[in-house]
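Analysis of the macromolecular model
Okay, here's what each chain looks like letter by letter:
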Amino acid sequence: MLSDAAIDWVIDAYTRGAVADEQMSALLMAIFLRGMTPAEIARWTAAMVDSGERFDFTDLRRAGKPLALVDKHSTGGVGDKITIPLVPVVLACGGAVPQAAGRGLGHTGGTLDKLEAIPGFTAELSKERIRQQLSEVGAAIFAAGDLAPADRKIYALRDVTATTESLPLIASSVMSKKLAEGARALVLDVKVGRGAFLKAEAESRELARTMVELGNAYGVPTRALLTDMNRPLGRTVGNAVEVQESLDVLAGGGPSDVVELTLALAAEMLDAAGIDGVDPADTLRDGSAMDSFRALVAAQGGDLNRPLPLGAATETVTASRDGMMGDIDAMGVALAAWRLGAGRAQPGEPVQSGAGVRIHRRPGEPVTAGEAVFTLYTDTPDRLPGALAELDGAWSVGENAPSTGPLIIDRL
Ligand code: URA
């Protein structure tokens, strides 16, 4: 059992650079293998929050009224672009979203890597700029910067030491950023299944319970949805391709699962923020969510009039028989996108904005022999064979549609 003093010391010393990466890696691996008690998780999270600043935006006003500050965070998925349409939907309904977002971790993509595919977009915002943007636009999506700097270092180390898939480390990582960012209510999207960090439903439930308790103990009312991550969300996995799909959703179209999850999380966020009498689906129909997204992107330097990048080297995967698309393994597609350059192999490495996978046939859709079921994009042609190998065995075509469970499994 780690004492409170030991936890406080190691988080502070590692953040200051007084503990070497090798030593911290050993401790992270011990936590990964042995877990932590609830008291250890709470103290570890508190020490990570205390490693930096804690924002307070309760003094801000928009149109003369206090802001309904609410945020959402996902535990990491494949094709999980939900933040991109969700934030403008909530904004268009009257909420305000201060979102500290992350970069890719392990096999999962990061919201910042995706948004940075928009020419000119920056997530490196000063606290003053975040405050100004919240007052003027109502939302800001930013790199955590001075918030929970301990998480920034530990997150990067976990990414390259195979210690991402750990309940205490995920819970403390997510909650340290979210408790520091200044939201007054929080909704968590806790992923379950092959493409999640924690695959088993029982473990994901435990993760959700742990994070909900941490949030409530800190005075930030927190709730969670448990959602399916066995297959990728939507029809795209990567960076710019996911932004394009989010724009489709904001224009009133897009894949039904992305729309369903966006609207379910929006309803939870609005309820948590005490906003009623609005239907988030209206904002996709009437264009107000798209207007909010344009305002948010413009405030952060992005130019949606310039084309989104798309990798110049492509390869298509075709079906060898007629039938129905079977299940698609989220992990196989995630690893293919990662090999194409959408994610990192080394900390701090740039990602390719144009790298990714387009899924032409979703599970249960009819397939004809010879037609394209996936297209792969990269700027580096020699990445294509490795990505194709990851997709091998990750999909099939059968006689019948695969059985599916609900996208939204439970609510805590
Ligand atoms: N998101 C985070 O911020 N941290 C994790 O560990 C996993 C998902």
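What you see is a predicted model; the values in this text were computed from it and never measured.

Cut-offs applied
- Residues numbered from 1 in each chain as written.
- Predicted model: local features only at pLDDT ≥ 70, side-chain atom pairs only at ≥ 80, totals over all residues.
- Heavy atoms only, no water.
- Helix = DSSP H or I, 4+ residues; strand = E, 2+ residues; numbered from the N terminus.
- Rg over C-alpha atoms; globule rule 2.2 N^0.38 Å.
- Buried < 20%, exposed > 50% of the residue type's maximum accessible area, 1.4 Å probe, protein only.
- Contact = heavy atoms within 4.5 Å.
- Areas by Shrake-Rupley, 256 points an atom, 1.4 Å probe, with all protein chains shown as cover.
- Lys, Arg positive; Asp, Glu negative; His and termini not counted.
- Charge placed at Lys NZ, Arg CZ, Asp CG, Glu CD.
- UniProt positions renumbered as here; feature names shortened; annotations may be inferred.
- Core = buried A, V, L, I, M, F, W, Y, C linked by side-chain atoms within 4.5 Å.
- Near = heavy atom within 4 Å.
- Polar contact = N/O pair within 3.5 Å; in protein donor to acceptor, adjacent residues only side chain to side chain.
- Nonpolar A, V, L, I, M, F, W, Y, C, P; charged D, E, K, R; others polar.
- Pairing = 2+ DSSP bridges.
- Axes fitted to C-alpha atoms, helices over the stretch in contact; angles between N-to-C directions.
- Left-handed = near helix turned anticlockwise from the far one by under 90°.
- Expected span 1.5 Å × (residues − 1).
- Arc of directions from axis to C-beta.
- Salt bridge = Lys/Arg side-chain N within 4 Å of Asp/Glu carboxyl O.

Here we look at the overall build of the chain
- Within the chain, the secondary structure is distributed over 15 helices and 15 strands.
- Taken over C-alpha atoms, the radius of gyration comes to 21 Å for the chain, in line with the 22 Å a tight globule of 412 residues would show.
- In terms of its C-alpha atoms, the chain occupies a principal-axis envelope of roughly 60 × 50 × 35 Å.
- A burial count over the chain gives 55% of its 412 residues as buried.
- Taking the contacts inside the chain whose residues are at least 6 apart along the sequence as the reference set, 80% of them involve residues at least 24 apart.
- Surface summary for the chain: the accessible area is close to 15,800 Å², and the carbon and sulfur share equals 50%.
- When the 39 positive and 54 negative side-chain charges of the chain are each reduced to one mean point, those points stand 2 Å apart.

Focus on the UniProt feature "domain: Pyrimidine nucleoside phosphorylase C-terminal" (unreviewed entry) in the chain
- Per the UniProt annotation, the sites labelled "domain: Pyrimidine nucleoside phosphorylase C-terminal" (unreviewed entry) are residues 324–398.
- Note that residues 324–398 is 28% helix and 23% strand, and that its end C-alpha atoms are spaced 5 Å apart.

Some remarks on the nonpolar core
- Phe293 and Phe374 are the most contacted members of the largest nonpolar core, which totals 74 residues.
- A total of eight residues in this core trace back to one element, the largest contributor, which is helix α11 (residues 256–272).
- In contact with Phe293, other than residues within four places in its own chain, are Ile84, Pro88, Leu115, Ile118, Leu247, Leu250 and Leu304.
- Residues Val19, Ala150, Leu167 and Met175 belong to the second largest nonpolar core, which totals 41 residues.

A closer look at the site of the ligand
- In the vicinity of the ligand, the contacting residues are His73, Ser74, Thr75, Leu105, Tyr155, Arg158, Ile170, Ser173, Val174 and Lys177.
- Within the side chain of Arg158, an N or O atom sits 2.8 Å from an oxygen atom of the ligand.
- Measuring from an oxygen atom of the ligand, one finds a side-chain N or O atom of Lys177 at 2.6 Å.
- In the complex, 96% of the free accessible area of the ligand, which totals 240 Å², lies under the protein chains.
- If you list the elements that add at least two residues to the shell around the ligand, you get β3 (70–74), α7 (149–159) and α8 (167–180).
- Take the shell around the ligand: its biggest share by element is four residues, from α8.
- Looking at the shell around the ligand, its residues break down into four nonpolar, four polar and two charged.

Quick notes on the pairing of β3
- With five of five residues buried, β3 is to be regarded as a mostly interior element.
- Residues Val70, Lys72 and Ser74 point to one face of β3 and Asp71 and His73 to the other, with burial holding for every one of them.
- Both β3 and strand β6 (residues 185–192) contribute to a ladder of five bridges, which runs parallel. Note on β6: the bridge partner recorded for Lys72 is Val187.

Structural notes on the sheet that holds strand β7 (residues 222–228)
- As summarised here, the arrangement of the four strands in space is β3-β6-β7-β15, forming an open sheet in which the pairing is mixed. On the outer flanks of this sheet lie β3 and β15 (408–411), each paired with one strand and no other. Strand-to-strand twist across the sheet, computed as the mean angle between neighbouring axes with direction ignored, equals 20°.
- Most of the contacts of α8 go to β3, to which it runs at about 165°, and overall it touches β3, β6 and β7.

A word on the packing of helix α4 (residues 83–92) against helix α10 (residues 240–250)
- It is at 8 Å that the axes of α4 and α10 come closest, and there the two elements cross at 35°. With respect to the hand of their crossing, α4 and α10 are arranged in right-handed fashion. Residues Ile84, Pro85 and Pro88 of α4 form the contact with α10, whose own contacting residues are Val243, Ser246, Val249 and Leu250.
- Class assignment for the residues of the contact of α4 with α10 results in six nonpolar, one polar and no charged.

What about the sheet that holds strand β10 (residues 323–325)?
- Taken in spatial order, the three strands line up as β12-β10-β14 in an open sheet, and their pairing is antiparallel. Edge positions in the sheet fall to β12 (366–367) and β14 (397–398), since each has one partner strand and no second.
- Pairing analysis gives two bridges linking β10 to β14, with the strands arranged antiparallel. Residue pairing in the sheet places Met325 in a bridge with Val397 of β14.

A closer look at the packing of helix α1 (residues 4–16) against helix α3 (residues 38–50)
- Where α1 meets α3, the axes come as close as 9 Å, and the angle between the chain directions of the two elements is 35°. Crossing geometry of α1 relative to α3 is assigned as right-handed. Residues Asp4, Ile7, Asp8, Val10 and Ile11 of α1 form the contact with α3, whose own contacting residues are Glu40, Arg43, Trp44, Ala47 and Met48.
- Taken together, the residues of the contact of α1 with α3 break down into six nonpolar, no polar and four charged.

Examining helix α2 (residues 21–34)
- With 14 residues, α2 extends 20 Å from end C-alpha to end C-alpha; this agrees with the ideal 20 Å at 1.5 Å per step.
- Buried residues of α2: Met24, Ser25, Leu28 and Ile31, and no others. Buried positions in α2, seen along its axis, are confined to an arc of 125° and lie on one side of it. Residues of α2 that are exposed and point over 90 degrees away from its buried face: Glu22, Gln23, Leu33 and Arg34.
- As for α2, its buried residues are in contact with α1, α3, α7 and α8.
- Positive phi shows up at Gly35, right after α2, with a value of about 75°.

Side note on the pattern of salt bridges
- All chains considered together, the criterion is met by 34 salt bridges.
- In this structure, the salt-bridge partner of Asp71 is Lys178, at a minimum N-O distance of 2.6 Å. Taken together, the residues Asp71 in strand β3 and Lys178 in helix α8 connect sequence positions 107 residues apart.
- Linked through salt bridges whose partners overlap, the residues forming this network are Arg103, Asp113, Glu116, Glu124 and Arg344.

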